[in-house]
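What follows is the residue order along each chain.
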Amino acid sequence: GAGVSQSPSNKVTEKGKDVELRCDPISGHTALYWYRQSLGQGLEFLIYFQGNSAPDKSGLPSDRFSAERTGGSVSTLTIQRTQQEDSAVYLCASSPRTSGAGVHEQFFGPGTRLTVL
Amino acid sequence: AQTVTQSQPEMSVQEAETVTLSCTYDTSENNYYLFWYKQPPSRQMILVIRQEAYKQQNATENRFSVNFQKAAKSFSLKISDSQLGDTAMYFCAFAPNSGYALNFGKGTSLLVTP
């Protein structure tokens, strides 16, 4: 079946502009995660959605970052007034359940490479 | 807070040889999971192997195996009979049983040469 998809694959924007990154999880997966991978770094957790519950936004680095998940499926990560330090690869993952990350594997998308000039 | 440390930024191995990637972690949790993920140039993160902390037996997946030392908080990955397709970034990750987000190390870049 289809895996996690993300769009766009690459995004170049100017400092101060807003961007939207999209994630389509695997059908039937109730949990969705966003991570950020900066150059030379590991992945940094941003936000977690589980079904219709309130998301865990504890990883968002500033109030310029927000995310929503419509209908328990597609998610959009929005970065307002982008800064050069926002340049990174943004990865989305989904999993079938939420009771502990280790119980079920997180399936990752190919990521969106964001470049802020 | 949990931290994951990968002390080898880059490694190289010849095809058909064996290589071991190191990972240590710090946690006060007793129940948790450990993972190794592979990220080739395509950026797609792929799960290589995982280990439940309550299991004493080391996990094995074909040419990939781990050496899990719970007391030492060490979780190394051994790749046997290395293949050119194993060239990638390898990330060690930790997740407490009570949580969901993965905590990643900074990765080890592995190059397999002919």
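Residue positions are given per chain, counted from 1 along the sequence in the order it is written. Key to labels: chains lettered from A, ligands numbered from 1, both in the order written. The model is predicted, so local features are restricted to residues of pLDDT at least 70 and side-chain atom pairs to those at 80 or more, both for listing and for counting; the totals for chains, interfaces and linings are taken over all residues. The side-chain quantities take in all heavy atoms of the structure and omit both hydrogens and water.

S.K.: Which parts of the structure should I look at to understand the overall build of chain A?
M.R.: Check the secondary structure of chain A and you find 0 helices and 10 strands. In this text, helices come from DSSP runs of H or I with a minimum length of four residues, and strands from runs of E with a minimum of two, each type numbered from the N-terminal end. In chain A, the succession of α and β elements from N to C terminus is β-β-β-β-β-β-β-β-β-β. The C-alpha radius of gyration computed for chain A amounts to 14 Å, which stays within 12% of the reference 13 Å derived for 117 residues, consistent with globular compactness. Viewed in the frame of its principal axes, chain A has a C-alpha envelope of about 40 × 25 × 25 Å. Residues classed as buried in chain A amount to 48% of the 117 residues present. Within chain A, contacts between residues at least 6 apart in sequence are counted, and of these 56% link residues at least 24 apart. Here chain A has roughly 5,400 Å² of accessible surface; of this, 46% comes from carbon and sulfur atoms. Positive and negative side-chain charges in chain A, numbering 11 and 11 respectively, have mean positions lying 1 Å apart. Radius of gyration means the value over C-alpha atoms here, while the globule rule gives 2.2 Å times the residue count to the 0.38 power. Exposure is judged per residue with a 1.4 Å probe applied to protein chains only, and the accessible area is read against the type maximum: over 50% gives exposed, under 20% gives buried, and values in between give partly exposed. By definition in these notes, contact holds between two residues if any of their heavy atoms fall within 4.5 Å. In this description, accessible areas are obtained by the Shrake-Rupley approach with a 1.4 Å probe, and a residue is regarded as covered only by the protein chains that are shown. His residues and chain termini do not enter the charge count, which takes Lys and Arg as positive and Asp and Glu as negative. Where a charge lies is defined by one atom per residue type, namely NZ (Lys), CZ (Arg), CG (Asp) and CD (Glu).

S.K.: Mind showing me how you'd approach the sheet that holds strand β3 (residues 19–24) of chain A here?
M.R.: In sheet architecture, strand pairing relies on hydrogen bonds along the backbone and comes in two forms, parallel and antiparallel. Residue and element names in this part refer to chain A. Taking strand neighbours across the sheet as the criterion, the 4 strands line up as β1-β3-β7-β6 in an open arrangement whose pairing is antiparallel. The open sheet has two free edges, formed respectively by β1 (5–7) and β6 (65–69), since each of these has just one partner strand. Sheet twist, expressed as the mean angle between neighbouring strand axes with direction ignored, is 15°. Here the rule is simple: two strands pair whenever DSSP picks up at least two bridges between them. Sheet topology places β6 next to strand β7 (residues 75–79); 5 bridges connect them, and they run antiparallel. Among the inter-strand pairings, Arg69 is bridged to a residue of β7, identified as Ser75. Under this scheme, a helix contributes an axis fitted over its contacting stretch, all axes are lines through C-alpha atoms, and angles between N-to-C directions fall in the 0 to 180 degree range.

S.K.: What is the right way to read the interface of chain B and chain A from this model?
M.R.: For an interface, size is often stated in terms of accessible area lost upon the parts coming together. Contact residues are listed per partner, giving 20 residues for chain B and 28 residues for chain A. A simple way to read buried area is as the amount of 1.4 Å-probe accessible surface that goes missing from two parts once joined, with both sides added. Summing both sides of the interface, chain B and chain A together bury roughly 1,900 Å²; the carbon and sulfur share of this comes to 52%. Only one rule defines a salt bridge in this text: a Lys or Arg side-chain nitrogen within 4 Å of an Asp or Glu carboxyl oxygen. Our count for the chain B to chain A interface comes out at 0 salt bridges. At the level of secondary structure, the elements contributing two or more residues to the side of chain B that touches chain A comprise β5 (32–39), β6 (46–52) and β10 (88–96) of chain B.

S.K.: Hey, could you run me through unusual backbone geometry in this one?
M.R.: Note: most residues except glycine have negative phi, and most peptide bonds are trans. Cis rather than trans, the peptide bond between A:Ser7 and A:Pro8 has omega equal to -10°. Checked against the element boundaries, A:Pro8 lands in the loop between β1 and β2 (10–13). In this model, A:Arg81 sits at a positive phi of 45°, which is unusual for a non-glycine residue. Following the sequence through the fold, A:Arg81 ends up in the loop between β7 and β8 (88–95). For A:Arg81, a relative accessible area of 42% corresponds to the partly exposed category. In this structure, B:Arg43 takes a positive phi of about 80° despite not being glycine. Along the chain, B:Arg43 falls in the loop between β5 and β6. Residue B:Arg43 is classed as buried on the basis of its relative accessible area of 12%.

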